[in-house]
Protein chains: 2
Amino acid sequence: MTPESTPDTPRAVDGQRSPSAVRTAEYPWIHADGRVTFAVSAPSARTVELKPPGQESGLAAGQVLPMIRGEDGTWTVTTPPVVPGFYYYWVVIDGVPTNDPNTETFFGCGAATSGLEVPDPGTDFHDLLDVPHGEVRTRWFHAATTGTWRRCLVYTPPGYDDDPGRRYPVLYLQHGAGEDERGWTTQGRANFILDNLIDRGEAEPMIVVMNNGYALEPGEVPATPPYTPEQNARLLDSFRDLLVRDVVPMVDAAYRTVPDRRSRALAGLSMGGRQALSVGLTNPDTFASVVAFSAAVFDPLDPETAFGGALADAEAFNARTRLLWLSAGTGEQRFDEALTSMESVLSKQGIRHQTYRSQGTAHEWQTWRRSLYNVAPLLFRD
Amino acid sequence: MTPESTPDTPRAVDGQRSPSAVRTAEYPWIHADGRVTFAVSAPSARTVELKPPGQESGLAAGQVLPMIRGEDGTWTVTTPPVVPGFYYYWVVIDGVPTNDPNTETFFGCGAATSGLEVPDPGTDFHDLLDVPHGEVRTRWFHAATTGTWRRCLVYTPPGYDDDPGRRYPVLYLQHGAGEDERGWTTQGRANFILDNLIDRGEAEPMIVVMNNGYALEPGEVPATPPYTPEQNARLLDSFRDLLVRDVVPMVDAAYRTVPDRRSRALAGLSMGGRQALSVGLTNPDTFASVVAFSAAVFDPLDPETAFGGALADAEAFNARTRLLWLSAGTGEQRFDEALTSMESVLSKQGIRHQTYRSQGTAHEWQTWRRSLYNVAPLLFRD
């Protein structure tokens, strides 16, 4: 597909500014038909391009789109219609990927990165609505696993401060590779999704705890992606230790939780989905529910050895597991196929599980927002 | 002053990565002598420059510094020694100001902007130390003044959740022009400054409420700086209505505050300092203490008419005002002179006040961190 060379003038057509545009910016402009016009002033540049993070992200099929210079030095491009969702992107100035000055940045791809929000007409499950809102608390805690103070974000449901006698179940919710503990509330809108479900009585009021999925042992130097299998294993082990030994006890001490396995769920997306399955299924005394969105698990599962043999005895697994829930978007082929593969292994093995597919969405936050919206009503309810 | 063309290799010299560099970045590199080396890979660019926000920010005296291309396409520049503090900056690629891919962005200058943190050796008053930490809560509330839901940040001191019978005084703390409600905790580290003071018993445990200083009335379109005097007056009026009619009642209802004027202080920096003086001094029934850091008040004060005539009757002012506290950095001439001018008017008029000057720092966050550190111990204590 090729971009159009003459974008419409925003004021002349139906549409809206991207909700993630900064306060006074007119672009990115989302047309009524889903096309998106980007504009950047770069009078002295020789080339300006729009760069999506890759094919799996779903923006412009991962193609780098050339932008066209206007007489005033403003470069523009209009993409083909974009599936509603959230997309990281860069504006490439003479070969250098940079952030779009018109847009808020979000921590993804290992750095502050421009993000495009394309609203889904008629869909408001993740919007800030006129309902009671919980708080998102930033909490600092010292972790023995890393030997450092760390930051986590904690969603407390509406009314948490008004009912000091009430205790709540806890969902531990992890971001994807290159993101951090801010992802689920800024890009993912997890707090608004829960506010809306809780207001309608469709989800149990719950605490949601979001941690940085990267944990280094004392003195360890951060590795640079792509990681070797050994580095991935170390990342997984140190995250497991951080979560089970440091985070869960801290949360049970600092917040009014129901401190038992049945009232704890572990969920994550992509890299975080792999972490949720690996840590959750091998620590059943801590987590009775495990949830994975677009899990980055591409090797076929051996039911006898996968996840420390957790799947080997289906009867025992089904008896101790409150919920095993998996999802993917139909627009992210690798992850969709990985889910299909896992489904068949789990079914053959007699492992009770549920799955969900987000129609048309790719490896981006709309898939994960919809996944959270669909799984939250199933959590902590029998 | 001119930059050096051959930066030292970071690994070969004393120094450290900028604390605001992203996780795996090696630059910006802060040398032991305070020089800072920036590096950006831009093989196809014709010119790359380092751009500070202006002379008043204190970085490289506001000069645009050309970066020099290395054989590998990496452009570098080493600045002369930088006064410890926090500096917004851009990397200009062929004329386009962009963010430094090595650095976290911060909402300043009206957009997500690169920020350089230059640590002050031997100074840790604003660092995350091994002390009890409060929470920074993100709260959404509906404001009648704007007809919208808004986000504010609320610092609750250590132990807030452990002592449900205790009530706390409240400091309302405002950011500067082009920033937002996130500024005081991300750039300003207000939460760590308070944690450290409270741990040593040097400040009253207090709640700190941080709001976006830009408030539009329903249907109003955001103006683009520079503002006309009329636009400035409208911004001030709508912020006053937002704070006094919407925010203060919401905070007194949602948190365990001491809901009286003597237990409320209003503070702000630069534009927020002007807001603090204008709103605080004209609403003595709401705020008994008023604090202004680097206040953007450049016209000489007429003691009879300034701030709605609040200064006209010194005896009455001194009787009702618990604290009037003003500060500036000696490295920000315009604001330092404005403070000198205000001091002389206040003294001539017999208005009780206190002032502080941050030695050597410019119009940047180190001036405001030091100001908060110096004024907090005086708040809510007689």
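The model shown is predicted, which means the values in this text are computed figures rather than measured ones.

**Topic: the domain arrangement of chain A**
All names here are of chain A. With domains assigned, chain A is organised as domain 1 (3-118) and domain 2 (135-378). With 16 residues of domain 1 in contact, the opposing surface of domain 2 contributes 17 residues. For the pair domain 1 and domain 2, the summed buried area comes to about 1,200 Å², and 49% of that belongs to carbon and sulfur atoms. Three residues, E56, F86 and F107, lead the burial of domain 1 against domain 2; their summed loss comes to 48% of the area buried on that side. Put simply, domain 1 and domain 2 have 3 salt bridges between them. For E56, the salt bridge goes to R334, with nearest N and O atoms at 2.6 Å. Applying the counting criterion to the domain 1 and domain 2 interface returns 10 residue pairs in polar contact (both at pLDDT 80 or more). Looking at the side of domain 1 that touches domain 2, the elements that each hand over two or more residues are β8 (85-93), β10 (105-108) and β11 (111-118). Looking at which element gives the most residues to the side of domain 1 that touches domain 2, the answer is β8, with 4 residues. Partitioned by chemical class, the residues of the side of domain 1 that touches domain 2 number 9 nonpolar, 5 polar and 2 charged.

**A look at the sheet that holds strand β3 (residues 36-41) of chain B**
In a beta sheet, neighbouring strands pair by backbone hydrogen bonds and run either parallel or antiparallel. Residues and elements named next belong to chain B. Across the sheet, which stays open at both edges, the 5 strands sit in the order β1-β2-β3-β7-β6 with antiparallel pairing between neighbours. Strands at the two margins of the open sheet, each flanked by one partner only, are β1 (15-17) and β6 (68-69). Judged from the 3 bridges that link them, β1 and strand β2 (residues 29-31) form a sheet pairing that is antiparallel. Note on β2: the bridge partner recorded for R17 is W29.

**Overview of the side chain of T79 of chain B**
Assignment of secondary structure puts T79 of chain B in the loop between β7 (74-78) and β8 (85-93). The residues touching T79 of chain B, leaving out its near neighbours within four places in the chain, are R35, V36, F38, L50 and L65 of chain B.

**Topic: the relation of the copies chain B and chain A**
In this arrangement, two copies of a chain are superimposed by a rotation about an axis accompanied by a shift along the axis. Placing chain B over chain A gives an RMSD of 0.0 Å and needs a rotation angle of 180°, together with 0.0 Å of translation along the axis. Put plainly, the chains are arranged around a two-fold axis. Residue R137 of chain B of chain B places its C-alpha closer to the rotation axis than any other residue of that unit, at 2.1 Å. Taken as a fraction of all interface residues of chain B, those also at the interface in chain A reach 100%, which identifies the copy contact as same-surface.

**Section: the pairing of strand β7 (residues 74-78) of chain A**
Residues and elements named next belong to chain A. Counting buried positions along β7 yields 4 of 5 residues, so the element is predominantly enclosed. Inspection of the sheet shows strand β3 (residues 36-41) paired to β7 by 5 bridges, in the antiparallel sense. If you follow T37 over to β7, its bridge partner there is T78. Once strand β6 (residues 68-69) ends, the chain turns through 4 residues before running back antiparallel as β7, passing G73 with a positive phi of about 85°.

**Some remarks on the interface of chain B and chain A**
Taken together, the contacts link 43 residues of chain B with 43 residues of chain A. Together chain B and chain A conceal approximately 3,700 Å² of surface at their shared face, both sides included; 55% is due to carbon and sulfur atoms. On the chain B side of the contact with chain A, R23, W140 and W149 of chain B bury the most area, a combined 19% of that side's loss. Seen at the junction of chain B and chain A, the total is 8 salt bridges. The shortest N-O distance in the salt bridge between E104 of chain A and R182 of chain B comes to 2.9 Å. Counting across the chain B and chain A interface gives 15 residue pairs in polar contact (both at pLDDT 80 or more). The set of elements that each furnish at least two residues to the side of chain B that touches chain A consists of β9 (96-98), β10 (105-108), β11 (111-118), β12 (135-143) and α2 (190-199) of chain B. Grouping the amino acids of the side of chain B that touches chain A by side-chain chemistry returns 22 nonpolar, 11 polar and 10 charged.

**Focus: the nonpolar core**
A general trend in soluble globular proteins is that nonpolar side chains are found buried together. Within the largest apolar cluster, 44 residues are counted, with the highest numbers of intra-cluster contacts made by M67 of chain A together with M67 of chain B. Not counting the four nearest positions on each side in its chain, M67 of chain B is found in contact with F38, A39, V40, V48, E49, L50, W75, T76, V77 and V91 of chain B.

**What to know about the sheet that holds β6 of chain A**
Within the open sheet, the 5 strands sit side by side as β1-β2-β3-β7-β6 (chain A). Their pairing is antiparallel. Bordering the open sheet on either side are β1 (15-17) and β6 of chain A, each of which pairs with just one other strand.

**Description of the environment of V96 of chain B**
Residue and element names in this part refer to chain B. On the secondary structure map, V96 appears in strand β9. What makes V96 buried here is its relative accessible area of 4%. Between the C-alpha atoms of V96 and E49, which are 47 residues apart in sequence, the distance is 9.5 Å.

**Points about the pattern of salt bridges**
Residues and elements named next belong to chain A. Inspection of the entire model under this criterion finds 48 salt bridges over all chains. For R234, the salt bridge identified is with E217, shortest N-O distance 3.7 Å. On the criterion of sequence distance, the pair formed by R234 in helix α3 (residues 229-254) and E217 in the loop between β15 (207-211) and α3 is long-range, its members being 17 residues apart. For E217, a relative accessible area of 31% corresponds to the partly exposed category.

**Quick look at the pairing of β10 of chain B**
Residues T105 and F107 of chain B of β10 of chain B are buried on one face, and the alternating residues F106 and G108 of chain B, pointing to the opposite face, are buried as well. Two successive antiparallel strands, β10 of chain B and β11 of chain B, enclose a turn made up of 2 residues, where C109 of chain B displays a positive phi of approximately 55°.

**Topic: unusual backbone geometry**
Of all residues except glycine, most have a negative phi; of all peptide bonds, most are trans. Geometrically, the link from Y27 of chain A to P28 of chain A is a cis peptide bond, its omega value of -5° lying close to zero. Structurally, P28 of chain A is set in the loop between β1 and β2 (29-31). Not every positive phi belongs to a glycine, and R189 of chain A is a case in point at roughly 55°. For R189 of chain A, a relative accessible area of 18% translates into the label buried. The phi torsion at A61 of chain B lies on the positive side, around 55°, for a residue other than glycine. Tracing the backbone through its elements, the reader meets A61 of chain B in the loop between β4 (48-51) and β5 (65-66). Residue A61 of chain B is classed as partly exposed on the basis of its relative accessible area of 38%.

**Observations concerning helix α7 (residues 333-349) of chain B**
Along an α-helix, residues three or four apart share an orientation, since each turn contains 3.6 residues. All names here are of chain B. The first and last C-alpha atoms of α7 sit 24 Å apart over 17 residues, in line with the 24 Å expected at 1.5 Å per residue. Residues of α7 that are buried: F335, D336, A338, L339, M342, E343, V345, L346 and Q349. Its buried side turned inward, α7 meets α4 (271-282), α6 (314-320), β18 (323-329) and β19 (354-358). Count one or two residues on from α7 and you reach G350, which has phi positive near 80°.

**Observations concerning the packing of aromatic side chains**
To describe a pair of aromatic rings, one takes the distance between the centres and the angle between the planes. The final tally for this structure, using the stated rule, is 26 aromatic pairs over all chains. Between F192 of chain A and W140 of chain B the ring centres are 5.1 Å apart and the planes differ by 70°, which places this aromatic pair in the edge-to-face class. Of this pair, F192 of chain A sits in helix α2 (residues 190-199) while W140 of chain B sits in strand β12, placing the two residues on different chains. For the pair formed by F192 of chain A and W140 of chain B, the shared burial category is buried. Ring geometry for W325 of chain A versus Y356 of chain A: centroids 5.9 Å apart, planes at 20°, classification stacked. One end of the pair, W325 of chain A, is in strand β18 (residues 323-329); the other, Y356 of chain A, is in strand β19 (residues 354-358), and 31 residues separate them in sequence.

Cut-offs and rules
- Residues numbered from 1 in each chain as written.
- Chains lettered and ligands numbered in written order.
- Predicted model: local features only at pLDDT ≥ 70, side-chain atom pairs only at ≥ 80, totals over all residues.
- Heavy atoms only, no water.
- Domains from an automatic or database assignment.
- Contact = heavy atoms within 4.5 Å.
- Buried area = accessible area lost by both parts, 1.4 Å probe.
- Salt bridge = Lys/Arg side-chain N within 4 Å of Asp/Glu carboxyl O.
- Polar contact = N/O pair within 3.5 Å; in protein donor to acceptor, adjacent residues only side chain to side chain.
- Helix = DSSP H or I, 4+ residues; strand = E, 2+ residues; numbered from the N terminus.
- Nonpolar A, V, L, I, M, F, W, Y, C, P; charged D, E, K, R; others polar.
- Pairing = 2+ DSSP bridges.
- Least-squares fit on C-alpha atoms with pLDDT ≥ 70 in both.
- Buried < 20%, exposed > 50% of the residue type's maximum accessible area, 1.4 Å probe, protein only.
- Core = buried A, V, L, I, M, F, W, Y, C linked by side-chain atoms within 4.5 Å.
- Expected span 1.5 Å × (residues − 1).
- Phe/Tyr/Trp six-rings, centres within 6.5 Å; stacked < 30°, edge-to-face > 60°.

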